[in-house]
Amino acid sequence: MGMRIHPVFKPVFDLVYTLLAKLKQRRTALMLTFVLIFLTGVYGFYHFEGRAQNLSLLDAIYWAVITMSTIGYGDISPHTPQGKIFTSIFAVVGISAFAVVATNIFEVVVAENMKKILGLGRCNWSDHLIVVGWNETARNAVKYLIESYNARLVVISDENPDIEKRDSLFYINGRNITEEVLEKANVKKARFAIVCPKDDVTAIMATLLIKRLNPNINIVAEAVSMEKAPLIQQAGAYVINTTEFAGRILASFVYEPYVTMFFEVLTTAYKDNNLEELEILPDLVGCSYWKAVKHLRARYGMALVGVRYDDEYIINPPEDYILDSGHRLIVITSSRGRKKYLSDL
């Protein structure tokens, strides 16, 4: 008895072979072809073997999955001549399609991982931090931000940061800071930027570009020399000269070693106590400084050491100093007290 493929399948297989020739260029065609082959296998096996073996549509789906994935348990197999011929063709086409899809998925995964490793990816985070440049200052800042605040950071540098907890870190290769590089870091949705350049000119250019793309972002920049600090500040960044700051700490240690050690402990969240700046509670607006000290101590376990008003810091103000809505509170607090305080805001 002469056997032949059911005529309904001829245009289907013609389409399959046409699409398969373009799979390398078009991933959409790959997935459509894969689904089409799978559905063809389900329909064909059910058409030829469903009535002959009293099989359900679920049995046909199960058979197609097992056949395409090369598992082949053998519990369901073709009995009719038409079914055997169809199975032979489907096995070749289906297994090939499965191999192509698996290979492409593997290539996509590897390619994405390689992009991240090489810093060629694009970040889609929001409310994150951006670090421009990579040196010892940046390394220590990133390490502290991740460990103490579990912050998510995008590092733009010409070298891959050697930092653990990579889930909190996104690396972008950027030897030259350009708008394209900053857009890859999603700077428009970032909330803070830290600039640690190799020279002050780079700091100025990076600050100007960041402010151009995100005028509302806060920026702190490391100045290599204080001569260029005013220019960096005019560009829109708060400037810190780390070498000058470290020099003052070293000098203070000569005459006040324990005060210096206390300051270091305070700024490293020793025993869950950290120095922080917080927005003032509405209930404290109009209160005296001393009343705020007692309230914060009793309710949150905080020590109020001073306030900030605009760019002016007032340390240990008089007891009758009145707080208003423009003040920011400088406190020593635990993470538990901070969390409770923020929930009351």
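Everything here concerns the structure above.
My aim in this report is to walk through the structure given alongside it, one point at a time.

### Looking at the packing of helix H9 (residues 242-255) against helix H10 (residues 257-266)
Point 1. Contact geometry of H9 with H10 gives a least axis separation of 6 Å together with a crossing angle of 135°. As judged from the angle between their axes, H9 and H10 are oblique. Seen from H9, the contacting residues are Phe245, Ile249, Ser252, Phe253, Val254 and Tyr255; seen from H10, they are Pro257, Thr260, Met261 and Phe263.
Point 2. Of the residues contributing to the contact of H9 with H10, the split by class is eight nonpolar, two polar and no charged.

### Regarding the environment of Ser334
Point 1. When you line up the elements, Ser334 lands in the loop between strand S10 (327-333) and helix H12 (335-344).
Point 2. Sequence separation between Ser334 and Asn274 is 60 residues; the distance between their C-alpha atoms is 6.3 Å.
Point 3. With residues near it in sequence (within four places) discarded, Ser334 still touches Asp272 and Asn273.

### Thoughts on the sheet that holds strand S8 (residues 303-309)
Point 1. Taken in spatial order, the four strands make up an open sheet running S7-S10-S8-S9, and their pairing is antiparallel. Both edges of this open sheet fall to strand S7 (274-279) and strand S9 (312-315), since each of them pairs with a single strand only. Within the sheet, the average angular offset between the axes of one strand and its neighbour, ignoring direction, is 25°.
Point 2. The sheet contact formed by S8 and S10 spans six bridges and is antiparallel. From the neighbouring strand, Ala303 faces S10, where its bridge partner is Ile332.

### Some thoughts on the nonpolar core
Point 1. Formed by 31 residues in total, the largest nonpolar core has its most connected members in Ile130, Ile156 and Ile210.
Point 2. When residues of this core are traced back to their parent elements, those giving at least two are strand S1 (129-132), strand S2 (153-157), strand S3 (169-173), helix H6 (179-184), strand S4 (192-195), helix H7 (200-213), strand S5 (218-222) and helix H8 (229-235).
Point 3. For this core, the leading source of residues is H7, giving six residues.
Point 4. The contacts of Ile130, once residues within four sequence positions are left out, are Val154, Ile156, Ala185, Val187, Ala190, Phe192, Ala193 and Ile194.

### Re the side chain of Asp200
Point 1. Mapped onto the fold, Asp200 is located in helix H7.
Point 2. The charged side chain of Asp200 is buried without a salt bridge, its nearest counter-charge being Lys228 at 5.7 Å.
Point 3. In this structure the side chain of Asp200 is engaged in a polar contact, spanning 2.7 Å, whose partner is the backbone nitrogen of Val224.

Cut-offs used in this document
Residues numbered from 1 in each chain as written. Predicted model: local features only at pLDDT ≥ 70, side-chain atom pairs only at ≥ 80, totals over all residues. Heavy atoms only, no water. Axes fitted to C-alpha atoms, helices over the stretch in contact; angles between N-to-C directions. Helix = DSSP H or I, 4+ residues; strand = E, 2+ residues; numbered from the N terminus. Parallel < 35°, antiparallel > 145°, perpendicular 65-115°, else oblique. Contact = heavy atoms within 4.5 Å. Nonpolar A, V, L, I, M, F, W, Y, C, P; charged D, E, K, R; others polar. Pairing = 2+ DSSP bridges. Core = buried A, V, L, I, M, F, W, Y, C linked by side-chain atoms within 4.5 Å. Buried < 20%, exposed > 50% of the residue type's maximum accessible area, 1.4 Å probe, protein only. Lys, Arg positive; Asp, Glu negative; His and termini not counted. Salt bridge = Lys/Arg side-chain N within 4 Å of Asp/Glu carboxyl O. Polar contact = N/O pair within 3.5 Å; in protein donor to acceptor, adjacent residues only side chain to side chain.

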